[in-house]
Structures are given as C-alpha cells and as structure tokens.
Amino acid sequence: EEFGKFFHGALKSLGLDHLGITVCSLRHAGASWDLLAGRRSYEQVKDRGGWKTDTSMQRYAKAARSQQLAGKCHTTSSSTGCKCFRKCTSSWPGT
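Bear in mind the structure is a predicted one, so any value in this text is a computation, not a measurement.

The subject of this paragraph is the environment of Ala31. The topology assignment puts Ala31 in helix α2 (residues 23-37). C-alpha separation for the pair Ala31 and Tyr42, spaced 11 residues apart in sequence, amounts to 9.2 Å.

A few words now on the environment of Gly20. When you line up the elements, Gly20 lands in the loop between α1 (2-13) and α2. Given a relative accessible area of 52%, Gly20 falls into the exposed group. Separated by 12 residues in sequence, Gly20 and His8 have C-alpha atoms that sit 9.8 Å apart.

Conventions used here
- Within each chain, residues carry numbers counting from 1 in the order of the written sequence.
- Thresholds applied to this predicted model are a pLDDT of at least 70 for local features of residues and 80 or more for the giving and counting of side-chain atom pairs; totals over whole chains, interfaces and linings are not thresholded and use all residues.
- With hydrogens and water excluded, all non-hydrogen atoms of the structure serve as input to the side-chain values.
- Runs of E in the DSSP output that reach at least two residues are strands. Runs of H or I that reach at least four are helices, and both are numbered from the N terminus.
- Each residue gets one of three labels from its accessible area relative to the maximum for its type: buried under 20%, exposed over 50%, partly exposed in between, using a 1.4 Å probe on protein chains only.

From the geometry alone we can't say anything about function, so treat these as descriptive.
What follows is the structure in structure tokens.
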C-alpha cells in the first residue's frame with residue numbers, strides 16, 4: 001500500500017498519471033519483457049511471477065506476443081493499429 005502511494009505520486013510528478021499505469025502493470029510488463037526478449041523460459045517467468053496455473057500465465061504470454069506483433073506494424077498503420085490494439089487488449093482478462 002505504501003509503495004503504491006509512492007508509485008502513484010511518482011507518476012503524477014512525471015505527468016504520467018493519466019496513462020493508467022499501476023503497480024500491477026509492472027508485473028505485466030516484466031513478464032511480457034522476459035518472454036519477448038527470451039531472457040527467461042515460459043516456466044521461469046511463471047515461477048518468478050508466482051503464477052500457479054498455466055491459464056494465469058497465458059494472459060502474459062498472449063500480451064507479450066501481441067506487443068511483439070504491434071511493434072512490427074508499419075508506421076502509416078500505427079495510429080489505427082494502436083486504437084485496435086488498445087480496444088482488443090482492454091477486454092482481456094487481467095488487464
């Protein structure tokens with residue numbers, strides 16, 4: 001709780017509080033980055049994140065793959081792609 005208050009204050013002071021980033025976002029980003037970068041195996045990421053089931057971990061694997069694909073979009077389609085990506089990922093469980 002104390003870290004959450006500190007984190008929110010830091011975002012606010014940086015002018016980033018409107019982005020909806022939460023402490024939980026760090027967990028998502030860390031798992032996604034590890035998978036995208038190939039830094040850790042699926043099982044290592046699952047253990048590190050404390051996810052007991054594959055179902056929980058699969059949310060992060062899907063998000064990581066989507067981020068990877070979104071990064072390959074051509075710049076002229078990025079605006080439309082970003083809107084579509086946000087709409088799709090906002091309906092995923094756990095996001």
